[in-house]
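Read off the chains here:
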Amino acid sequence: MFVHILVLIVALMTAGTVLAQAPAKPVKMVVLGDSLSAGLGLSASAAFPTRLQKSLETKGIKVDMINAGVSGDTSSGGRDRLDWSVPEGTEAVILELGANDALRGIDPKITRAALTDILTRLKARKVAVLLCGMVAPPNYGSDYSVRFNAIYPDLAKSFGVPLYPFFLEGVAADARLNQADGLHPTAEGVDVIVKNILPTVQAFLGAISGQRS
């Protein structure tokens, strides 16, 4: 009897060691965005989702990444294609929408409503979201900027999701890091975005991994 118990204990300890050493299952992630994440003017290998995935892999973090960026998309457009852009089984979404809303001067109420709908629907599906903020250009006036810029921190707070305040931090308005249009990052610009956002994404994925266990 004692021998049988000893064998069982050893077997359980061995199984526990194997489980502890087993590689974590990659997180299924979608970057839902516009041309800034789609990689307009760049090769597929230089687009934000691909570069982010490679940077995460160097940290030992595995993700199954989908680039669901569509050039020219507004927040309303992202909402309208949400169901097929974020397939079943997705665990995490980086939400990068709103730049085209601001460039076109779309009423911030419309942008807020669209992003609210996206966050509501993803929450119902139990998909974790990292919200990336955008800043309105100054040409529509300070009132517009105040109303638009408040959308992202407000929604992050009300939905309890992490916020990366400005997706183009360190890149916007720097001619060296943008293409000729002055709006879309070069490959070097994308690398700056990835470097800056990486700690936030790591913390985001760490929280998801913690919920798995």
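Fair warning: this is a prediction, and the values are worked out from it, not measured in the lab.

Cut-offs applied
Residues numbered from 1 in each chain as written. Predicted model: local features only at pLDDT ≥ 70, side-chain atom pairs only at ≥ 80, totals over all residues. Heavy atoms only, no water. Buried < 20%, exposed > 50% of the residue type's maximum accessible area, 1.4 Å probe, protein only. Helix = DSSP H or I, 4+ residues; strand = E, 2+ residues; numbered from the N terminus. Arc of directions from axis to C-beta. Salt bridge = Lys/Arg side-chain N within 4 Å of Asp/Glu carboxyl O. Core = buried A, V, L, I, M, F, W, Y, C linked by side-chain atoms within 4.5 Å. Contact = heavy atoms within 4.5 Å. Phe/Tyr/Trp six-rings, centres within 6.5 Å; stacked < 30°, edge-to-face > 60°. Pairing = 2+ DSSP bridges. Axes fitted to C-alpha atoms, helices over the stretch in contact; angles between N-to-C directions.

> How should helix α3 (residues 48-58) be read in this particular structure?
Residue pairs spaced three or four apart in an α-helix point in one direction, given the helix's 3.6 residues per turn. Among all positions of α3, only Phe-48, Pro-49, Leu-52 and Leu-56 are buried. Down the axis, α3 shows its buried residues gathered within 90 degrees of arc, on one side only. Just downstream of α3, Gly-60 is the residue with a positive phi angle, here 80 degrees.

> Is there a simple way to explain the pattern of salt bridges in this structure?
Pairs can form between side chains of opposite charge once their charged atoms are near each other. Applying the stated criterion across every chain, the model contains 10 salt bridges. We note a salt bridge from Arg-176 to Asp-174, for which the minimum N-O separation is 2.9 Å. According to the relative accessible area criterion, Asp-174 is buried, its value standing at 15%. Through salt bridges that share partners, Asp-83, Asp-117 and Arg-121 make up one connected network.

> I'm lost on the nonpolar core in this one. Help?
When a protein is soluble and globular, its nonpolar side chains tend to lie buried together. With 56 residues, the main nonpolar core has Phe-48, Leu-52, Val-93, Leu-95, Val-201 and Leu-205 as its most contacted residues. Among the elements that take part in this core, helix α10 (residues 187-212) stands out by supplying nine residues, more than any other. What Phe-48 contacts, discounting residues up to four positions off in sequence, is Val-31, Leu-36, Ser-37, Phe-167, Val-190, Ile-193, Val-194 and Ile-197.

> Please explain unusual backbone geometry as it appears in this structure.
Glycine aside, negative phi is the norm for most residues, and most peptide bonds take the trans geometry. For Lys-126, which is not a glycine, the phi torsion comes out positive at approximately 60 degrees. Within the secondary structure layout, Lys-126 lies in the loop between α7 (108-124) and β4 (128-132). Even without being glycine, Ala-173 reaches a positive phi, approximately 70 degrees. The topology assignment puts Ala-173 in the loop between β5 (163-164) and α10. Classification of Ala-173 by relative accessible area gives exposed; the value is 81%.

> Looking at this structure, I do not really get the packing of aromatic side chains. What am I missing?
Geometry of an aromatic ring pair is reported as the spacing of the ring centres plus the angle between the planes. What the rule picks out here adds up to four aromatic pairs. When the centroid spacing of 5.9 Å and the interplanar angle of 65 degrees are considered together, the rings of Phe-148 and Tyr-152 count as edge-to-face. Tyr-152 matches Phe-148 in its accessibility class, with the two residues each being buried. By way of ring pairs, the aromatic residues Tyr-140, Tyr-144, Phe-148 and Tyr-152 are connected into one cluster.

> I would appreciate a short explanation of the sheet that holds strand β1 (residues 27-33) in the present structure.
By way of backbone hydrogen bonds, the strands of a sheet pair with one another, either parallel or antiparallel. The strand order β2-β1-β3-β4-β5 describes an open sheet built from five strands, whose pairing is parallel. Edge positions in the open sheet fall to β2 (63-69) and β5, since each of these has one partner strand only. The pairing of β4 with β5 spans two bridges and is parallel. Its bridge partner lying in β5, Leu-131 is registered against Leu-163. Across the sheet, α3 touches β1, β2 and β3 (92-96), and the angle it forms with β2 is around 165 degrees. Strand contacts of α7: β1, β3 and β4, with the helix running at about 180 degrees to β3, the strand carrying the most contacts.

> It is not clear to me how the environment of Ile-106 should be interpreted in this structure. Could you clarify?
Here Ile-106 lies in the loop between α6 (99-104) and α7. Sequence separation between Ile-106 and Thr-74 is 32 residues; the distance between their C-alpha atoms is 9.3 Å. Once residues lying within four places of it in the same chain are set aside, the contact partners of Ile-106 are Thr-74, Asp-101, Thr-111 and Tyr-144.

Limitation: the analysis is restricted to geometry and does not speak to function.
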